[in-house]
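Understanding the architecture of this molecule
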Amino acid sequence: MVGDVRAEVVVVGGGPVGLLLACELAGYGVRTVVVEERQGVSKRPKATTMHARAVQCLVRRGYLGGFAGVGAPAGSGPVSGGFHFAGMPGLVISVPAGEPVPVMKCPQEELERHFEERARAAGVVVLRGHRVSGVRQGLDGARVTAVGPRGQVECVSPYVVGADGARSVVRELAGFDSWTYPATVSAMAGDVRLEEAGALEAGWHRTARGWLVVKDVTAGGGVRLRTLNCEGASGVRDVPLTLQELRREVSWIAGREIGMGAPQWLSRFSDFSRLVGSYRKERILLAGDAAHVHFPIGGQGLSTGVLDALNLGWKLAFTVRGVAGAGLLDTYDQERRPAAQRVIDHTRAQLALMRPDAELDPLRAVFGELLANGPEGGVLASMVSGQDTVLPARGADSSPLEGSFLRNVALTTEEGRTDVIGLLSEGRPLLLLFGDETGACAGGYEEQARAWAGVLRVVRAEPVAGVVCEAMLVRPDGYVGWAAGGGELGSALGALFGEGGVVHGRSVGAVR
C-alpha cells in the first residue's frame, strides 16, 4: 500500500467533465486530486460538439482562449450556426451580439488535454492509471480506495465527485438510485476505409431499415460511419464490435453490399438512458455521464456535462472554503437534474422522429417545415443549445430576472470599458450597480453587501440599454442570482454565501 493522499476534494474520472471541475476547484484554492483509470488521454473519437450555453459559460470562466472561433467582442452582430435535428437539416442556432460561436466543434481529446494542462498548472494532482475499488463516507468526509502502478492508494477528503462516465464506479459503490429507460434500438460506429471510394456519400441517409450517417475523415475512402437499427435493442451490448458485424449492418441498412476494411476503432451503443434520483448523496456528488446518460443524437452530452461542472465547481469550492449558504450545494441537484431530464426527453423525442416507419413521413414533413419556416425552429434551437435554461428562483417575490442568463453586454465602469465576460473571468460573483452614487441605485445596495466584501466584487457601471434594472447579483457561472425589486439583497447574499458573509474568515480571491 502506497499510503494516504489527502485533499479537500477527490474527483474520480479524468475526462473533460472531471478535469474541468478540478480546474474550477483549484482556481478557488481548493486542494484537488483527480483519480483516473486510463494511463493517458484517449485518442478514440468521442464527443466533438459543444453548444452555445456551454461555450458561453466556458468563455466567461476564461477556458477557451486559443480555440479558434470562440471570440466575439461585445457589440458585434448576432452569430448563427447550422445544425441537424433528427437527421433533418435546417435547425439554426443563433446567439446574441457579443457572444461566442453557437456551435463549437472540437475533438474531446483536445479538450481533455487543455483542461488537464490547466488543472496541473493550478496544482491539481492527477493520478493516472489508478482504478477505483472502494468508495465510502462518514460524518466528516469520504475515502476513495484505488489501485495503481505502485499499489493501493487511499484518497481522503471532505467531498468526492464521481465524474467517471456512464459506467460510474462511484455511482454504483455509493448506492445512488436511478431512473432508467431501457434500450429500444441498436447502433454502431467506427472509422473504416471503404473498398470502393465513394460507395457511400457523406451525409444522413434514411432507408426502410434504418439510418446511415457518413462523414469523410481521410482522402481515399476513409469514413466515419454510424448506423441506427430500429428493429430492437442488441443483446450483445458488452461484446466488442467486429468489422464483419459493422459491414453486415451497413450493407443491410443500405440494401446493397458495402465493402470496408482497415478499422481504426469500432463501437456499439443504444438509446438506453439513465438519470440518478439525486446528484448528491451527503458528501458524494455526481457529474456528467455518471449522473445522466442519453441517446447521443444532437451532440448534447458533452455540453450537459460541462454545464454540470461549471455549476458545481464554484458551489463546492465555496462550501469547502466556508463561504457558502447552508443550502447552496443542494441547489446543484435542483438546477442540473431537471436540465438533464429535459435533454433525455428531447433526445427520446428526436429518436421517435428518426424511426424509419413510413407512417411517420407526414410528421417528419411537418417538423421539416417548422424548422425551416416557423418560430418553432428557434424554440428547438434554444432547447438543443441550452439557451432556454432558466434556473428556479428562490421565492415567489423574486425578480423575473432571477435565474436568467446575463448576456454579454459592453459596460463602462470606473475602471474603463469592459464587458460581462471580462468581469466574470476572475470567478467571483458580481454585484452590478447601474448608475452613479447620486442616481437611482444609491439605495444602499453597496452598504448591504459590505459584509460579503471578501466574496463579492462590486462594480458600478453606466446604465445599459436593454438592461432595465438598477442592481443585479451575477453568479460566477453567469446566471442572475438576484435583481433589484426581488426581495432583500442581504437575504439573497446570505442564501448564496452564508449569513454574515465570510463564515470562517477565508475570502475568495481571483481565480486566475
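Shown above is the structure to which this text applies.
A brief structural summary. (Residues numbered from 1 in each chain as written. Predicted model: local features only at pLDDT ≥ 70, side-chain atom pairs only at ≥ 80, totals over all residues. Heavy atoms only, no water.)

What follows concerns the sheet that holds strand β2 (residues 9-12). Taking strand neighbours across the sheet as the criterion, the six strands line up as β8-β3-β2-β12-β21-β20 in an open arrangement whose pairing is mixed. At either margin of the open sheet sits one strand with a lone partner, and together these are β8 (125-128) and β20 (280-281). (Pairing = 2+ DSSP bridges. Helix = DSSP H or I, 4+ residues; strand = E, 2+ residues; numbered from the N terminus.)

Our focus in this paragraph is the environment of D140. Tracing the sequence through the fold places D140 in the loop between β9 (131-137) and β10 (142-148). Placed 143 residues apart in sequence, D140 and R283 show a C-alpha to C-alpha distance of 8.5 Å. When residues no more than four places from it in sequence are discounted, the contact partners of D140 are P158 and R283. (Contact = heavy atoms within 4.5 Å.)

Residue position: S273 is located in strand β19 (residues 273-276). Of note is the side chain of S273, whose polar atom sits 3.2 Å from the backbone oxygen of D271. (Polar contact = N/O pair within 3.5 Å; in protein donor to acceptor, adjacent residues only side chain to side chain.)

A few words now on the packing of helix α1 (residues 16-27) against helix α6 (residues 301-320). Taken N-terminus to C-terminus, the directions of α1 and α6 make an angle of 25°; their axes are 8 Å apart at the nearest point. On the basis of their axis angle, the class for α1 and α6 is roughly parallel. Of the two elements, α1 crosses α6, and the hand of that crossing is right-handed. Across the interface between the two elements, P16, V17, L20, L21, E24 and L25 from α1 touch L302, G305, V306, A309, L310, L312, G313, L316 and A317 from α6. Looking at side-chain class alone, the contact of α1 with α6 contains twelve nonpolar, two polar and one charged residues. (Axes fitted to C-alpha atoms, helices over the stretch in contact; angles between N-to-C directions. Parallel < 35°, antiparallel > 145°, perpendicular 65-115°, else oblique. Left-handed = near helix turned anticlockwise from the far one by under 90°. Nonpolar A, V, L, I, M, F, W, Y, C, P; charged D, E, K, R; others polar.)

Okay, the nonpolar core next. V9, M50, L58, V161, L316 and F318 are the most contacted members of the largest nonpolar core, which has 96 residues in total. For this core, the element with the highest residue contribution is α6, accounting for eleven residues. When sequence neighbours within four positions are dropped, the list of residues in contact with M50 reads V55, L58, P102, V103, M104, L111, L302, S303 and V306. Counting 18 residues, the second largest nonpolar core, distinct from the first, contains L411, A461, V467 and V474. (Core = buried A, V, L, I, M, F, W, Y, C linked by side-chain atoms within 4.5 Å. Buried < 20%, exposed > 50% of the residue type's maximum accessible area, 1.4 Å probe, protein only.)

Another point: unusual backbone geometry. Most of the time, phi is negative for any residue but glycine, and the peptide bond is trans. Despite not being glycine, A262 shows a phi value in the positive range, around 50°. In this structure, A262 sits in strand β18 (residues 260-270). Of note, the phi angle at E282 is positive, near 60°, even though the residue is not glycine. Along the chain, the position of E282 falls in the loop between β20 and β21 (284-286). By relative accessible area, which is 56% here, E282 ends up exposed.

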